[in-house]
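# Structural overview
Here is how the chains run, residue by residue.
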Amino acid sequence: MQAEKARPANGHYILTDQVGFLLRRAHQRASLIFKNEFDATSLTPQQFAVLAKLYDISEVTQNNLGRLVDMDPVSLQGVIRRLSQRALVSRTSDPLHKRRLIIRLTPAGNAMVEDCFVLGTQVSTKTLAPLASEEQQELIRLLKKITDEPV
């Protein structure tokens, strides 16, 4: 197959220059690297995010955890259920609000996430490897700027 020629049909739109297309490709790269690095743990990126955030804050309501890891309630519920089945997190009722769940790491979850921090760092390092150090810092800064801006 020949390399794609830049010949925009509409005179100006080139798919491979569009931010959404490029972000999706970068996400695919990061996801593949994550899968390769975390394969032995059987953790998904969402599960690791939950474990890492719980490590940072100790315990939190399920609703607040969803906001902190930017996950919708249904997805978070599934992630928490699977982590609970693996005895990596515990769910207990809030004594003041019985319908509210408090989520915290178990000792096994704490040990797992500490072991995985090295893997997480490797994922970031490998994902950003094509960039110079200054470019890596600038990309992270710009991505934070984009993701912090309301839609």
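Definitions and limits used
- Residues numbered from 1 in each chain as written.
- Predicted model: local features only at pLDDT ≥ 70, side-chain atom pairs only at ≥ 80, totals over all residues.
- Heavy atoms only, no water.
- Axes fitted to C-alpha atoms, helices over the stretch in contact; angles between N-to-C directions.
- Helix = DSSP H or I, 4+ residues; strand = E, 2+ residues; numbered from the N terminus.
- Left-handed = near helix turned anticlockwise from the far one by under 90°.
- Contact = heavy atoms within 4.5 Å.
- Nonpolar A, V, L, I, M, F, W, Y, C, P; charged D, E, K, R; others polar.
- Pairing = 2+ DSSP bridges.
- Buried < 20%, exposed > 50% of the residue type's maximum accessible area, 1.4 Å probe, protein only.
- Expected span 1.5 Å × (residues − 1).
- Core = buried A, V, L, I, M, F, W, Y, C linked by side-chain atoms within 4.5 Å.
- Salt bridge = Lys/Arg side-chain N within 4 Å of Asp/Glu carboxyl O.

One can describe the packing of helix α1 (residues 19–38) onto helix α5 (residues 107–128) by two numbers: an axis separation of 9 Å at closest approach and a directional angle of 145°. Two packed elements cross with a definite hand, and for α1 against α5 that hand is right-handed. Counted together, R29, A30, I33, F34, E37 and F38 of α1 and C116, L119, G120, Q122, V123, K126 and T127 of α5 form the full contact between these two elements. Here the contact of α1 with α5 is composed, by residue class, of seven nonpolar, three polar and three charged.

With that out of the way, let us pick up the sheet that holds strand β3 (residues 101–105). Hydrogen bonds between backbone groups are what pair the strands of a sheet, and the pairing can be parallel or antiparallel. Read across the open sheet, the three strands follow the order β1-β3-β2; overall the sheet is antiparallel. Single-partner strands in this sheet number two, and they are β1 (59–61) and β2 (89–93). Pairwise comparison of adjacent strand axes, ignoring direction, gives a mean angle of 25° for this sheet. In the sheet, β1 pairs with β3 via three bridges, with the strands oriented antiparallel. When the bridges of β3 are listed, T61 appears paired with I102. In this fold helix α4 (residues 73–85) packs onto β2 and β3, with an angle of close to 115° to the strand it touches most, β2.

We now examine the pairing of β3. Looking along a regular strand, one sees the side chains alternate between the two faces of the sheet. Looking at chain direction, β2 and β3 are connected through five bridges and run antiparallel. The partner of T92 across the bridge, within β3, is I102.

Summarising the element assignment, Q122 is placed in helix α5. Since its relative accessible area comes to 31%, Q122 is described here as partly exposed. C-alpha of Q122 to C-alpha of S58: the two residues are 64 residues apart in sequence and 24 Å apart in space.

Now for helix α2 (residues 45–57). For α2, which comprises 13 residues, the first-to-last C-alpha distance of 18 Å matches the rise-based estimate of 18 Å (1.5 Å per residue) to within 8%. Inspection of α2 places Q47, F48, V50, L51, A52 and L54 among the buried residues, and these make up the whole buried set. After α2 finishes, the residue S58 shows a positive phi value of roughly 75°.

Of all hydrophobic cores here, the largest spans 26 residues; its most connected members are V50, L51 and L65. Elements with a contribution of two residues or more to this core: α1, α2, α4, β3 and α5. Residue contacts for L65: discarding those within four places in its chain leaves V50, K53, L54, V60, L76, I80 and I103.

What follows concerns the pattern of salt bridges. One pass over the full model with this rule turns up four salt bridges. A salt bridge links E138 to R141; the nearest nitrogen and oxygen atoms lie 2.7 Å apart. Placement of the pair is E138 and R141 together in helix α6 (residues 133–148), with a separation of three residues, close to one helical turn. Taking the relative accessible area as the measure of exposure, E138 reaches 35% and is therefore partly exposed. Residue classification places R141 among the partly exposed residues on the basis of a relative accessible area of 42%.

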